[in-house]
Amino acid sequence: MVAVPTDLLATEILELILTDSVIDQADTPDSGRRRLTTRASTQDRIFEGISRGAGTLVLTIMSLVGLFLLIQGNQALSVAGFNFFTTEAWDPNSGNFGIAAVLAGTILIAVTAIVLAVPLAVATALYISEYAPLAIRQVLTSIVDLMAAVPSVVYGLWGMFLLEPNILGVSQWISTYCGWIPVFAVTGFDPNDPLASPTVFTASTFIAAIVVALMVAPIATSIMREVFTQAPIGEREAALALGATKWGMIRSVVLPFGRGGMIGGTMLGLGRALGETIAVYLIISPVFAVQPHILEKGSNSISALIALRYNEASPFEISALMAAGLALFVMTLFVNFGASIIISKSRSGASSD
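Residues numbered from 1 in each chain as written. Predicted model: local features only at pLDDT ≥ 70, side-chain atom pairs only at ≥ 80, totals over all residues. Heavy atoms only, no water.

Some points on the overall build of the protein chain
Here is step 1 of the chain: A count of helical and extended segments in the protein chain gives 13 helices and two strands.
Here is step 2 of the chain: Counting every position in the protein chain, which comprises 353 residues, the buried fraction comes to 37%.
Here is step 3 of the chain: Across the protein chain, contacts joining residues at least 24 apart in sequence account for 73% of those joining residues at least 6 apart.
Here is step 4 of the chain: Per element, the accessible surface of the protein chain, about 20,100 Å² overall, is 66% carbon and sulfur. (Helix = DSSP H or I, 4+ residues; strand = E, 2+ residues; numbered from the N terminus. Buried < 20%, exposed > 50% of the residue type's maximum accessible area, 1.4 Å probe, protein only. Contact = heavy atoms within 4.5 Å. Areas by Shrake-Rupley, 256 points an atom, 1.4 Å probe, with all protein chains shown as cover.)

Points about the pattern of salt bridges
Here is step 1 of the chain: Applying the stated criterion across every chain yields a total of six salt bridges.
Here is step 2 of the chain: Notably, a salt bridge pairs Arg225 with Glu226, separated by 4.0 Å at the nearest N-O pair.
Here is step 3 of the chain: The class of Arg225 is buried, set by a relative accessible area of 14%.
Here is step 4 of the chain: Linking Arg272 and Glu276 is a salt bridge whose minimum nitrogen-to-oxygen distance equals 3.8 Å.
Here is step 5 of the chain: Judged by its relative accessible area of 25%, Arg272 falls in the partly exposed class.
Here is step 6 of the chain: Within this structure, Glu130, Arg236 and Lys246 form a network of salt bridges that share partners. (Salt bridge = Lys/Arg side-chain N within 4 Å of Asp/Glu carboxyl O.)

Observations regarding unusual backbone geometry
Here is step 1 of the chain: Phi is positive for Ala203, which is not a glycine, with a value near 50 degrees.
Here is step 2 of the chain: Along the chain, the position of Ala203 falls in the loop between α5 (152-178) and α6 (205-228).

With respect to a nonpolar patch on the surface
Here is step 1 of the chain: On the surface, a nonpolar cluster with roughly 650 Å² of combined accessible area is contributed by Tyr127, Tyr131, Ile136, Val139, Ile143, Met147 and Trp247.
Here is step 2 of the chain: Ranked by residues supplied to the nonpolar patch, first place goes to helix α4 (residues 134-148) with four residues.
Here is step 3 of the chain: By secondary structure assignment, the location of Tyr131 is in helix α3 (residues 100-131). (Patch = residues over 30% accessible without salt bridge, like charges linked within 9 Å, V, L, I, M, F, W, Y side chains within 5 Å.)

A closer look at the packing of aromatic side chains
Ring pairs (aromatic) are described by centroid distance and by the angle formed between their planes.
Here is step 1 of the chain: With the rule as written, the count across this model stands at seven aromatic pairs.
Here is step 2 of the chain: Ring geometry for Trp90 versus Phe97: centroids 6.0 Å apart, planes at 80 degrees, classification edge-to-face.
Here is step 3 of the chain: Judged by centre distance (5.6 Å) and plane angle (85 degrees), the rings of Phe97 and Phe316 are edge-to-face. Placement of the pair is Phe97 in strand β2 (residues 96-97) and Phe316 in helix α12 (residues 315-344), with a sequence separation of 219 residues.
Here is step 4 of the chain: Judged by relative accessible area, which is 2%, Phe97 ranks as buried.
Here is step 5 of the chain: Aromatic ring contacts, followed pair by pair, group Phe82, Phe84, Phe85, Trp90, Phe97 and Phe316 into a single cluster. (Phe/Tyr/Trp six-rings, centres within 6.5 Å; stacked < 30°, edge-to-face > 60°.)

Some words on the packing of helix α2 (residues 42-80) against α12
Here is step 1 of the chain: Where α2 meets α12, the axes come as close as 7 Å, and the angle between the chain directions of the two elements is 130 degrees. Comparing the axis directions of α2 and α12 gives the class oblique. Handedness of the crossing formed by α2 with α12: left-handed.
Here is step 2 of the chain: Residue composition of the contact of α2 with α12, grouped by class: 15 nonpolar, seven polar and no charged. (Axes fitted to C-alpha atoms, helices over the stretch in contact; angles between N-to-C directions. Parallel < 35°, antiparallel > 145°, perpendicular 65-115°, else oblique. Left-handed = near helix turned anticlockwise from the far one by under 90°. Nonpolar A, V, L, I, M, F, W, Y, C, P; charged D, E, K, R; others polar.)

Considering the side chain of Ser204
Here is step 1 of the chain: In this structure, Ser204 sits in the loop between α5 and α6.
Here is step 2 of the chain: Within the structure, Ser204 has its side chain in polar contact with the backbone nitrogen of Ile207 (distance 3.4 Å).
Here is step 3 of the chain: Those residues in contact with Ser204, other than ones at most four positions away along the chain, are Ile294, Leu295, Glu296, Lys297 and Gly298. (Polar contact = N/O pair within 3.5 Å; in protein donor to acceptor, adjacent residues only side chain to side chain.)

A few points about the nonpolar core
Here is step 1 of the chain: In terms of nonpolar packing, the biggest core is built from 53 residues, with Phe84, Trp90 and Phe97 touching the most fellow members.
Here is step 2 of the chain: Only α2, α3, α5, α6, α9 (259-275), α10 (278-283), α11 (302-309) and α12 provide two or more residues apiece to this core.
Here is step 3 of the chain: Of the residues forming this core, the biggest block, eleven residues, is contributed by α6.
Here is step 4 of the chain: Trp90 has contacts with Phe84, Asn96, Phe97, Gly98, Ile99, Phe288, Leu305, Arg309, Glu317, Ala320 and Leu321, leaving out every residue within four places of it along the chain.
Here is step 5 of the chain: Counting residues in each nonpolar core, the second largest holds 15 residues, with Ala121, Ala220, Ile250 and Val254 among its members. (Core = buried A, V, L, I, M, F, W, Y, C linked by side-chain atoms within 4.5 Å.)

Concerning the confidence of the model for the protein chain
Here is step 1 of the chain: When pLDDT is averaged along the protein chain, the result is 85; 87% of the residues meet or exceed 70.
Here is step 2 of the chain: Confidence scores differ between elements of the protein chain, with helix α1 (residues 6-27) showing the lowest mean pLDDT of 48 and α3 the highest of 94.
Here is step 3 of the chain: In this model, residues 1-6 is a region of pLDDT below 50 whose contacts with residues beyond four sequence positions or in other chains number one contact.
Here is step 4 of the chain: Across residues 20-28, where pLDDT falls below 50, the model places four contacts with residues more than four positions away in sequence or in other chains. (pLDDT = per-residue confidence, 0-100.)

Things to note about the packing of α5 against α6
Here is step 1 of the chain: Relative to each other, α5 and α6 sit at 130 degrees, their axes nearing to 8 Å. When the interaxial angle is binned, α5 and α6 end up oblique. Considering only the axes of α5 and α6, their crossing is right-handed. In this structure, α5 contributes Ser152, Tyr155, Gly156, Trp158, Gly159, Leu163, Glu164, Ile167, Leu168, Ser171 and Ile174 to the contact, and α6 contributes Phe206, Ile207, Ile210, Val211, Leu214 and Met215.
Here is step 2 of the chain: Each residue belonging to the contact of α5 with α6 can be placed in one class, and the counts come to twelve nonpolar, four polar and one charged.

Remarks on the environment of Met262
Here is step 1 of the chain: Assignment of secondary structure puts Met262 in helix α9.
Here is step 2 of the chain: Since its relative accessible area comes to 22%, Met262 is described here as partly exposed.
Here is step 3 of the chain: Taking the C-alpha atoms as reference points, Met262 and Val122, 140 residues apart in sequence, are found 7.6 Å from one another.
Here is step 4 of the chain: Setting aside residues up to four positions removed in sequence, Met262 forms contacts with Val122, Met224, Phe228 and Leu255.

Put into structure tokens, the structure is as follows:
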């Protein structure tokens, strides 16, 4: 057996590799790169078809809902015209009706609820994902998810019988010391009068917003917590290695990465707050006038208006209620589409695409 020098063998192998490379590049079109083709398996094709069908079905149902509301509300819209969006009164049978008051009330309740819910949701999500011991982390996660599943009527009853009688003192204190801010002013309330009745603070936008905030906070918390836990481990460790404290790492890594989830959770909560019905209906005292003072008695919303008037409405008033529902539907769509655009441009949103 003849021994072959190692350097000679290596040289021959290298020549063969180079020769094959030249042949491949000569036979391959374009820039000499090989084109890789993949063939989807049967399971992948089935899953792709189901996913595409489910997405198409959701969009179809949503479009049909909007079309149904437009058809049903067209009669009222054709009678009221643009005044439908500027009139505060609600008397369709006499031709004097509009959603200016209920639309303003809907926005005030939803925005106030989000202002109260977002700090609570962010703090809860950060505690569960970053600070809670492993022994209780899963328990806290289950409790938050369970709160999101509680029916809205339960929150409404809690707000009506327990929260409202005990929150009037807080409302009075806010109006006393912050009444110079227009949104916290209360008509007819004199903080210097010891006999002033606290009943002017009942059934207010503020009380309804607290209940709605507790309803939307668990949803926002779940989304934010999930995004916070996906912050890159390498960046976390790098920040700590450079001397950052725990809070410094959260502020420089976790919060910037989770911006998309924070916005998404906020907008999803806002969408639910805009359409919340039973809890708001049980608490507020309906008024058909724009009520910008959130601590003052009296408020309204589109969903509460529909629940209040639908059972005894005439055919024309039902058309007006459908038109109001269409306005709420379009407003919710704009909120969700705007949120999706913002999320897609964020880091955590882009990483989930």
